[in-house]
Amino acid sequence: MAEMMQTQAGDAGAFTSFDLSRVPTPCFVVDTQAIERNLKILADVKARSGAHVLSALKAFSMFEVAPLVSRYLDGVCASGLYEAKLGREEYEGEVATFCAGYKDSEIDQIITLSDHMIFNSPSQKARFLAKCQEAGVSVGLRINPLHSEGEIPKYDPCAPCSRLGTPINQLDDEVLDGVDGLHMHTLCEQGFEPLARTWAAIEPKLASYLPNLKWLNFGGGHHITRADYDRDGLIEFIKNIREKYQVDVYLEPGEAVALDAGILVGEILDLPHNVMDLAITDISATCHMPDVIEAPYRPALMGEAESGHTYRLGGPSCLAGDVIGDYTWDVPLQVGDRFAFLDQAHYSMVKTNTFNGVPLPAIALWNSDTDTLKMVREFSYDDFKNRLS
Ligand SMILES: Cc1ncc(COP(=O)(O)O)c(C=O)c1O
């Protein structure tokens, strides 16, 4: 089972020198230097292309580093009221909000918090357009380019019958009435080429509308901070679009902000045997890294050996499928041993839950240059209880 899953690529970076016994477990440890390295790359793309680069809070919203993020990027993109509020409270710059469905009870507050209000459908746009115009907030429409670049339907907003975005063949003057910008988000952990192919497929279809638009937002999914990403290609692409259509261009990377910038440290609790060696850990796939089960993927283990002693790692919960994967160490494991999964700063921290009363991982900030460590947050029984009644 686990062997068939794709192992996440992970770069341990400076974490190989981090002493795992310095934190309680489970614990996310985020390296400010790694975040800053990513931010510098994104800021360079921003400066050379003229694009606005927003940090997608859905992927990484550890606001302890908001001042750092705000130093390099133009603002945040939010998925609804709570993220828009967090963006305004903790980050500087612009807030661009997209939600697949806005509620009457929340819309006024979201408009107050947002610079761009991006609607998923012509009907939501028509319903809330006047309020946005009254507030002087720029209005966008998310389109579905009907051009798939994703390999996994679950992560492909252009898959058949997708609810995300207005199908590009439904655009007309009425649908675009009052719309300042178009938004699309169709990529997931991808290089520049899928973006270029998507644009080549849709540019002719948008030709008659582009002269009337103020901005184009190409969403997230751009793995810009990965070593092999064609950043020069992206920069040229953005410059061309800006010049040709006189529009502002926006990107909303999430993963790229926190790529390879955090680990999740755990501890071995027990070492049972059933046909193969097993290890129960205080990291739960379902509670702490739900994408391991949802995506699914196999997180990279820091310092995994090529051969030696293999264990199937799983969490403390009741879920039979709370299995992280099969991992190999060069020496036999002992109860109490520490270990760490790589590249856990994005999407894991924002998705944690307390199913089975499993404790939430603590959050620590480490500076790999100075070796200073700050415990940002430790969770308790109250965090579990307060959600339940
Ligand atoms: C609308 C939108 N923008 C930005 C992002 C961030 O994408 P990523 O973290 O893959 O860069 C997402 C992710 O789902 C999204 O749905």
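Quantities reported herein were computed from a predicted structural model and do not represent experimental measurements.

Quick word on the overall build of the protein
- A tally of regular secondary structure across the protein gives 11 helices and 18 strands.
- The globule rule puts the C-alpha radius of gyration for 389 residues at 21 Å, and the 22 Å found for the protein is close to it.
- The proportion of buried residues among the 389 residues of the protein is 56%.
- Considering only intrachain contacts with a sequence separation of at least 6, the fraction spanning at least 24 residues in the protein is 68%.
- Accessible area of the protein: about 17,300 Å², with a carbon and sulfur share of 49%.
- Charge centroids of the protein, computed over 32 positive and 56 negative side chains, lie 5 Å from each other.

Details of the UniProt feature "domain: Orn/DAP/Arg decarboxylase 2 C-terminal" (unreviewed entry) in the protein
- When the UniProt feature table is mapped to this numbering, "domain: Orn/DAP/Arg decarboxylase 2 C-terminal" (unreviewed entry) covers residues 83-343.
- In the segment residues 83-343, helix accounts for 28% and strand for 24%; the C-alpha atoms at its two ends are 22 Å apart.

Focus on the site of the ligand
- Around the ligand lies a shell of 13 residues, among which Gly221, Glu252, Gly254, Glu255 and Tyr347 are the nearest.
- Within the side chain of His185, an N or O atom sits 3.5 Å from an oxygen atom of the ligand.
- Residue Glu252 places a side-chain N or O atom 2.6 Å away from a nitrogen atom belonging to the ligand.
- Protein chains shield 88% of the accessible area of the ligand, which is 390 Å² for the free molecule.
- By residue class, the composition of the shell around the ligand is 4 nonpolar, 5 polar and 4 charged.

As for the pattern of salt bridges
- The final tally for this structure, using the stated rule, is 21 salt bridges.
- The partner of Glu267 in a salt bridge is Arg338, with the nearest N and O atoms 3.2 Å apart. Here the residue Glu267 occupies a position in strand β11 (residues 262-270), and Arg338 occupies one in strand β16 (residues 338-341), the gap between them amounting to 71 residues.
- We classify Glu267 as partly exposed; its relative accessible area is 22%.
- Residue classification places Arg338 among the partly exposed positions, given a relative accessible area of 28%.
- A network of salt bridges, in which partner residues are shared, links Asp44, Arg48 and Asp232.

Overview of the side chain of Asn144
- By the element assignment, Asn144 lies in strand β6 (residues 138-144).
- At 2.8 Å, the side chain of Asn144 and the backbone nitrogen of Leu146 are in polar contact.
- Residues contacting Asn144, with those up to four places away along its chain left out, are Pro157, Cys158, Ser162, Leu164, Gly165, Thr166, Pro167 and Ile168.

A few points about the side chain of Lys125
- Residue position: Lys125 is located in helix α5 (residues 122-135).
- Asp177 is the oppositely charged side chain nearest to the buried, salt-bridge-free Lys125, at an N-O distance of 5.0 Å.
- With sequence-adjacent residues up to four places away left out, Lys125 is seen in contact with Phe119, Val139, Glu174, Val175, Leu176, Asp177 and Val179.

Some remarks on the UniProt feature "binding site: substrate" (unreviewed entry) in the protein
- On the UniProt side, "binding site: substrate" (unreviewed entry) is annotated at positions that read Glu255 and Asp291 here. A stretch of 37 residues holds the annotated residues, and the largest C-alpha distance among them is 13.5 Å, short enough that they meet in one place.
- Tracing the backbone through its elements, the reader meets Glu255 in helix α8 (residues 255-258).
- You can call Glu255 buried: its relative accessible area is 12%.
- Leaving out residues up to four positions away in the same chain, Glu255 has contacts with Ala59, Glu189, His223, His346 and Tyr347.
- With respect to the helices, strands and loops of the structure, Asp291 is situated in helix α10 (residues 291-294).
- The exposure class of Asp291 is buried, given its relative accessible area of 16%.

Describing the domain arrangement of the protein
- For the protein, the assigned domains are domain 1 (10-30 + 261-385) and domain 2 (50-258).
- The gap between the C-alpha centroids of domain 1 and domain 2 is 32 Å.
- Counting residues at the interface gives 16 residues for domain 1 and 12 residues for domain 2.
- Summed over both partners, the interface of domain 1 with domain 2 buries about 1,200 Å², with 61% contributed by carbon and sulfur atoms.
- For the domain 1 face of the interface with domain 2, the top three residues by lost area are His346, Tyr347 and Val350, together amounting to 40%.
- In this structure, the connection of domain 1 to domain 2 is made through 1 salt bridge.
- Across the pair Lys374 and Glu64 runs a salt bridge whose closest N-O atoms are separated by 2.5 Å.
- If you list the elements that add at least two residues to the side of domain 1 that touches domain 2, you get α10, β17 (362-367) and β18 (372-377).
- Ranked by the residues each element gives to the side of domain 1 that touches domain 2, the list is headed by β17, at 3 residues.
- Residues that form the side of domain 1 that touches domain 2 fall into these classes: 11 nonpolar, 1 polar and 4 charged.

Rules of the game
Residues numbered from 1 in each chain as written. Predicted model: local features only at pLDDT ≥ 70, side-chain atom pairs only at ≥ 80, totals over all residues. Heavy atoms only, no water. Helix = DSSP H or I, 4+ residues; strand = E, 2+ residues; numbered from the N terminus. Rg over C-alpha atoms; globule rule 2.2 N^0.38 Å. Buried < 20%, exposed > 50% of the residue type's maximum accessible area, 1.4 Å probe, protein only. Contact = heavy atoms within 4.5 Å. Areas by Shrake-Rupley, 256 points an atom, 1.4 Å probe, with all protein chains shown as cover. Lys, Arg positive; Asp, Glu negative; His and termini not counted. Charge placed at Lys NZ, Arg CZ, Asp CG, Glu CD. UniProt positions renumbered as here; feature names shortened; annotations may be inferred. Near = heavy atom within 4 Å. Polar contact = N/O pair within 3.5 Å; in protein donor to acceptor, adjacent residues only side chain to side chain. Nonpolar A, V, L, I, M, F, W, Y, C, P; charged D, E, K, R; others polar. Salt bridge = Lys/Arg side-chain N within 4 Å of Asp/Glu carboxyl O. Domains from an automatic or database assignment. Buried area = accessible area lost by both parts, 1.4 Å probe.

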